[in-house]
Amino acid sequence: MIVCDNLVKIYKTADLEVVALQGLDLTVEEGELMAIIGNSGSGKSTLLNMLGGLDRPSAGTLMVNGIDLLKLSDKELVKYKRETVGFVWQNNARNLIPYLTAQENVEMPMIFTDRARRERARELLDMVGLSHRRNSKLSQLSGGEQQRVAIAIALANNPKVLLADEPTGAVDTRTAQQILDVFREFNRTYGVTIVIVTHDRQLSRMVDRVVAIRDGRTSSEFIRRRYAEEIAELTQTLGDSSVGESSMYEETHEELAVLDRSGRLQIPKEYLEVLGLKGRDKIKVELDGKRIILLPPEEIVDGKN
């Protein structure tokens, strides 16, 4: 569904040039629910804006649903934003029109189409659990309710991709869980590909794949591994009826470093700090059977393993 290959974004002013993305690679499968994490300035919001058609790449490849975003005219870009992607912002002031009701807000994106707006809006509000609040104005809704209305708006025109920028950043943990449940429901029911940018580590643990961005590049991925088969086999072997269904979904995230096309990888900052290494220090790289070993400078001098 999404392919980013050596993606570059440079912002220029009269006397300043800022490289926000510097050769980022990313692939998102159709129907995937995944998260992107990274510190402020890492480039994750820049990436989301380009996926949403709100900004254009400087170089590289950016394909969404088979559409090459670098080649779109302004008119084609408007059509892309209207039909291919939906966007949920952290700030609800950007999601909702305050003087309209929840239902009227959801109907707004459908004005330019021939859809049965009222019926579709009611269906979406029911799916986010707000059918009883459809006639409420913005001031009458809680922060979590407003965000769920925003999700319904983003899905009004049946987009292929839903992009969410810090959707749980302004709500409590319980409400954040409700919002994630809504994303999961739409992902399962309609097969919508969902990309969430978040600082919330708790939320990121609830999706199958998390991509970490550092310094404008994809540095690592966290893949959720389920151990249902292993637990089922153990239960059968031991005949232990105490292992219930809830235990069948024990899971964890395993971090994997991502190599770019030149074979480069980013070593986590905390690893470098433990070894006392800085960004331009030299290290020795050795192949030991099927392992690659990185040796800090003092071990190069001393000849230690």
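Above: the structure in question.
Notes on the structure in this doc start here. (Residues numbered from 1 in each chain as written. Predicted model: local features only at pLDDT ≥ 70, side-chain atom pairs only at ≥ 80, totals over all residues. Heavy atoms only, no water.)

Brief notes about the overall build of the protein chain
Part 1: Counting its regular elements, the protein chain contains 11 helices and 13 strands.
Part 2: Sorting the 305 residues of the protein chain into buried and exposed places 41% on the buried side.
Part 3: By sequence separation, contacts in the protein chain at least 24 residues apart represent 65% of the contacts at least 6 residues apart.
Part 4: Carbon and sulfur atoms make up 48% of the accessible area of the protein chain, which totals about 17500 Å². (Helix = DSSP H or I, 4+ residues; strand = E, 2+ residues; numbered from the N terminus. Buried < 20%, exposed > 50% of the residue type's maximum accessible area, 1.4 Å probe, protein only. Contact = heavy atoms within 4.5 Å. Areas by Shrake-Rupley, 256 points an atom, 1.4 Å probe, with all protein chains shown as cover.)

Remarks on the layout of surface pockets
Any empty space left between the atoms is revealed when a probe the size of a water molecule rolls over them.
Part 1: Roughly 620 Å³ of volume is contained in the second largest pocket.
Part 2: Forming the boundary of the second largest pocket are 23 residues, of which Lys 81, Val 85, Phe 87, Pro 109 and Ile 153 lie nearest the centre.
Part 3: If you list the elements that add at least two residues to the lining of the second largest pocket, you get α2 (74-83), β6 (85-88), α3 (92-95) and α6 (143-154).
Part 4: The class makeup of the residues in the lining of the second largest pocket is 15 nonpolar, 5 polar and 3 charged. (1 Å grid on protein atoms, 1.4 Å probe; cavity = no way out; pocket = protein on both sides within 12 Å on 5 of 7 lines; lining within 4 Å. Points joined across faces, edges and corners; volume = space filled by probe spheres on them. Nonpolar A, V, L, I, M, F, W, Y, C, P; charged D, E, K, R; others polar.)

Things to note about the sheet that holds strand β4 (residues 59-64)
Part 1: Read across the open sheet, the 4 strands follow the order β2-β1-β4-β5; overall the sheet is antiparallel. Taken across any chain shown, the strands that pair with only one partner, and hence form the sheet edges, are β2 (17-28) and β5 (67-68).
Part 2: With 2 bridges joining them, β4 and β5 adopt antiparallel strand pairing. Within the sheet, the bridge partner assigned to Val 64 lies in β5 and is Ile 67.
Part 3: The sheet strands contacting helix α1 (residues 44-51) are β1 (2-12), β2 and β4, and the helix crosses β1 at an angle near 110°. (Pairing = 2+ DSSP bridges. Axes fitted to C-alpha atoms, helices over the stretch in contact; angles between N-to-C directions.)

Brief notes about the pattern of salt bridges
Part 1: In this structure the tally under the stated criterion is 11 salt bridges.
Part 2: For Glu 32, the salt bridge goes to Arg 209, with nearest N and O atoms at 2.6 Å. Highlighted residues: Glu 32 in the loop between β2 and β3 (33-37) and Arg 209 in strand β9 (residues 209-214), separated in sequence by 177 residues.
Part 3: Judged by relative accessible area, which is 14%, Glu 32 ranks as buried. (Salt bridge = Lys/Arg side-chain N within 4 Å of Asp/Glu carboxyl O.)

Section: α1
Part 1: In terms of burial, α1 is a largely internal element, 6 of the 8 residues being buried.
Part 2: Inspection of α1 places Lys 44, Thr 46, Leu 47, Leu 48, Met 50 and Leu 51 among the buried residues, and these make up the whole buried set.
Part 3: Just downstream of α1, Gly 53 is the residue with a positive phi angle, here 75°.

Things to note about the side chain of Asn 95
Part 1: Looking at where Asn 95 falls in the secondary structure, it is placed in helix α3.
Part 2: You can call Asn 95 buried: its relative accessible area is 12%.
Part 3: Of the polar contacts made by the side chain of Asn 95, one reaches the backbone oxygen of Trp 89; its length is 2.9 Å.
Part 4: Within the local environment of Asn 95, its side chain forms a polar contact with the side chain of Gln 147, the two groups lying 3.4 Å apart.
Part 5: If near-sequence neighbours (up to four positions away) are discounted, Asn 95 is found in contact with Phe 87, Val 88, Trp 89, Asn 105, Gln 147, Ala 150 and Ile 153. (Polar contact = N/O pair within 3.5 Å; in protein donor to acceptor, adjacent residues only side chain to side chain.)

Examining the packing of α6 against helix α7 (residues 173-190)
Part 1: For the pair α6 and α7, interaxial distance at closest approach is 10 Å and the crossing angle is 15°. Here α7 runs roughly parallel to α6, going by the angle between their axes. The hand of the α6/α7 crossing is right-handed. Where α6 abuts α7, its residues Gly 144, Gln 147, Arg 148 and Ile 151 lie against Thr 175, Gln 178, Ile 179, Val 182, Phe 183 and Phe 186. (Parallel < 35°, antiparallel > 145°, perpendicular 65-115°, else oblique. Left-handed = near helix turned anticlockwise from the far one by under 90°.)

Concerning the environment of Asp 281
Part 1: One can find Asp 281 in the loop between α10 (269-275) and β12 (284-288).
Part 2: Here the alpha-carbon distance between Asp 281 and Pro 296, two residues 15 residues apart in the chain, equals 8.7 Å.

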